[in-house]
Each structure stands twice: as C-alpha cells, then as structure tokens.
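# Structural features, examined
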Amino acid sequence: AQSVTQLGSHVSVSEGALVLLRCNYSSSVPPYLFWYVQYPNQGLQLLLKYTTGATLVKGINGFEAEFKKSETSFHLTKPSAHMSDAAEYFCAVSAAGAGSYQLTFGKGTKLSVIP
Amino acid sequence: NAGVTQTPKFRILKIGQSMTLQCTQDMNHNYMYWYRQDPGMGLKLIYYSVGAGITDKGEVPNGYNVSRSTTEDFPLRLELAAPSQTSVYFCASSYGGQINTEAFFGQGTRLTVV
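Okay, so let's go over this structure. These figures come from a predicted structure and were not determined experimentally. (Residues numbered from 1 in each chain as written. Chains lettered and ligands numbered in written order. Predicted model: local features only at pLDDT ≥ 70, side-chain atom pairs only at ≥ 80, totals over all residues. Heavy atoms only, no water.)

## Focus on the interface of chain A and chain B
Taken residue by residue, the interface counts 24 residues in chain A and 24 residues in chain B. Here chain A packs against chain B, burying approximately 1,900 Å² in sum over the two surfaces, 54% of which is carbon and sulfur. The tally of links between chain A and chain B comes to zero salt bridges. Counting across the chain A and chain B interface gives two residue pairs in polar contact (both at pLDDT 80 or more). Of all the secondary structure elements, the ones that give two or more residues to the side of chain A that touches chain B are strand 4 (33–38), strand 5 (44–50), strand 9 (87–97) and strand 10 (100–105) of chain A. Counting residues per element, the side of chain A that touches chain B draws most heavily on strand 10 of chain A, which supplies five residues. When grouped by side-chain class, the residues that make up the side of chain A that touches chain B number ten nonpolar, eleven polar and three charged. (Contact = heavy atoms within 4.5 Å. Buried area = accessible area lost by both parts, 1.4 Å probe. Salt bridge = Lys/Arg side-chain N within 4 Å of Asp/Glu carboxyl O. Polar contact = N/O pair within 3.5 Å; in protein donor to acceptor, adjacent residues only side chain to side chain. Helix = DSSP H or I, 4+ residues; strand = E, 2+ residues; numbered from the N terminus. Nonpolar A, V, L, I, M, F, W, Y, C, P; charged D, E, K, R; others polar.)

## Some thoughts on the sheet that holds strand 3 (residues 19–26) of chain A
Residue and element names in this part refer to chain A. Taken in spatial order, the five strands line up as 1-3-8-7-6 in an open sheet, and their pairing is antiparallel. Here the strands that pair on one side only, and so sit at the sheet edges, are strand 1 (3–7) and strand 6 (56–58). Each neighbouring strand pair of the sheet contributes to a mean axis angle of 20 degrees, computed without reference to strand direction. Of the pairings in the sheet, the one linking strand 1 to strand 3 comprises five bridges and is antiparallel in character. Paired with L7 across the two strands is R22, which belongs to strand 3. (Pairing = 2+ DSSP bridges. Axes fitted to C-alpha atoms, helices over the stretch in contact; angles between N-to-C directions.)

## Examining the nonpolar core
Within the largest apolar cluster, 26 residues are counted, with the highest numbers of intra-cluster contacts made by A:W35, A:L48, A:L76 and A:Y89. Of all the secondary-structure elements, those providing two or more residues to this core are strand 2 (10–14), strand 3, strand 4, strand 5, strand 7 (64–68), strand 8 (73–78), strand 9 and strand 11 (109–114) of chain A. (Core = buried A, V, L, I, M, F, W, Y, C linked by side-chain atoms within 4.5 Å. Buried < 20%, exposed > 50% of the residue type's maximum accessible area, 1.4 Å probe, protein only.)

## Brief notes about the packing of aromatic side chains
A full pass over the atoms with the stated rule returns ten aromatic pairs over all chains. Seen in terms of ring centroids, A:Y50 and A:F67 are 4.4 Å apart; in terms of plane orientation they differ by 20 degrees. Their pairing is stacked. Remark: A:F67 occurs in strand 7 and A:Y50 occurs in strand 5; sequence separation between them is 17 residues. A:F67 matches A:Y50 in its accessibility class, with the two residues each being buried. Aromatic pair B:Y64 and B:Y89: ring centres 5.8 Å apart, planes at 65 degrees, arrangement edge-to-face. Taken together, the residues span a long stretch of sequence, with B:Y64 in strand 7 (residues 64–66) and B:Y89 in strand 9 (residues 87–94) at a distance of 25 residues. Residues B:Y64 and B:Y89 agree in their burial class; the two are buried. The rings of A:Y36, A:F105, B:Y31, B:Y33, B:Y35 and B:F105 are connected pair by pair, giving a single aromatic cluster. Against the face of B:F74 rests B:R68, its NZ or CZ located 6.0 Å from the ring centre. (Phe/Tyr/Trp six-rings, centres within 6.5 Å; stacked < 30°, edge-to-face > 60°. Lys NZ or Arg CZ within 6 Å of the ring centre and 35° of its normal.)

## Looking at the state of the cysteines
Here, the word disulfide means a covalent bond between the sulfur atoms of two cysteines. Tallying each qualifying case throughout the model produces two disulfides over all chains. The side chain of A:C23 participates in a disulfide bridge whose partner is A:C91; the two sulfur atoms lie 2.0 Å from each other. Its torsion about the S-S bond being -65 degrees, the disulfide of A:C23 and A:C91 is classed as left-handed. Highlighted residues: A:C23 in strand 3 and A:C91 in strand 9, separated in sequence by 68 residues. Classification of A:C23 as buried rests on a relative accessible area of 0%. A sulfur-sulfur separation of 1.9 Å characterises the disulfide bridge that pairs B:C23 with B:C91. (Disulfide = S-S within 2.5 Å.)

## A closer look at the pattern of salt bridges
Side chains that carry opposite charge are capable of pairing whenever their charged atoms lie near each other. Taken as a whole, this structure holds five salt bridges over all chains when the rule is applied. Among the salt bridges present, the one from A:K58 reaches A:E64, with a minimum N-O distance of 2.8 Å. Of the residues examined, A:K58 reaches a relative accessible area of 61% and is grouped as exposed. Here B:D38 makes a salt bridge to B:R36, at a shortest N to O gap of 3.1 Å. Here B:R36 falls in the buried class, since its relative accessible area comes to 11%.

Have a look at this one:
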C-alpha cells in the first residue's frame, strides 16, 4: 500500500522568503510522486510530478521538488514566496489499481504568505 | 474551453434524500474520477472509470453509485443521504491513468446533509 505524510498542516512564510513544504512517502515499488495546488474555492491543479529520470523536478510558478529515495521524501520548494502562492498544497503518490493508476493524497498543507 | 464542469456548486440535502452530482468533460478523456475532500483529510477516491461502460470502486465507495454511459459524463449518485456525506466533491478527468497524464479537476460541489 502507498501512503503520504505531509509535515505541517499550516505553514506561514513572509513574502520573499523561502517556501519549503515537506512530503514523505511510503511505497513498496518505485513511486510516482506529484504535487498539486488548490486555490480557494477551486479544484486541484498539477504543479509538478516525478516519474523517472532526473530527481530534481521543476514545475509551474517557480516551484521545484527533489526526489530523495534514501530519505523517502519529495519536498516542495520555491526560493521566494509571492502573495499569490497562498493556497493549499497536496502531495500524492501513485498506487496501481485494477486497470488504472490511482493517486493517494496527503492531508494537505495550507500555505499563508505574510506581506 | 470548459474542461471539467460540475453542477451544482452548492447543495443542502436532508437526511434520507437522494441526489445526483453531475460531471461532464469536453477533453475526450478516457479516465474520470470522483473524490471527496474533508477538512484536514486530503482527497479520497470514491469511484473511477477507465472508459464508457466501465467503472470501479475507489477507497470510499459506500453510499454512492456511478455510471458512465458516455465518454463525457460521469454522474455520482447519493442514495439515502447521511450527515457523514457532508463534504466537498471533486470530479476529475485524465487522458490516461494519473501516473502518466495530468488530471484536470472541476471546481467542486459543496454538499451539506442536515
């Protein structure tokens, strides 16, 4: 079974500061990993994903994440926070299902950006 | 382009009532999904479909039913609504499985059962 743990349900950063959102996963097979963002009253939108190959993955809006197998982690970072980054962020891992591939989501981390 | 459209956006149901949450997509995606989102709990998969006429249970299917008669539509039926079904429901679609292709989400239906 796959699982995802997001450390910290709420994270606050100052505008211009580093954003670091933590995600650890467990998987019995090589995982595919994802970060999704949810703006208020919106659906989820894919930020970035890791499938195979380069372990540092770049996504939209200046976000990136690094797959570290030894640490079973896939932390999301952005060098300089912007007010528009305030949202909820979900880490997800793949799980093979019958005829399809499903995602197992973490509980989410709400990011607040302080002006 | 519309993407994934869900209706209604909000609904209040009384215990024991039934309703259908509508979901339609115009991207010709084969895969469609229904999730529920509860505060602090992330998203849980209710049902999914890999094509017209094919559906399967996800993690939390009890109390729900789905059908997929066309590629575009994937309605979610709640029979005998219960307070535990108070949640935000998201429909999503993808061209292939979510490992390899991006899932596109609707804006959600906020359901309250009283």
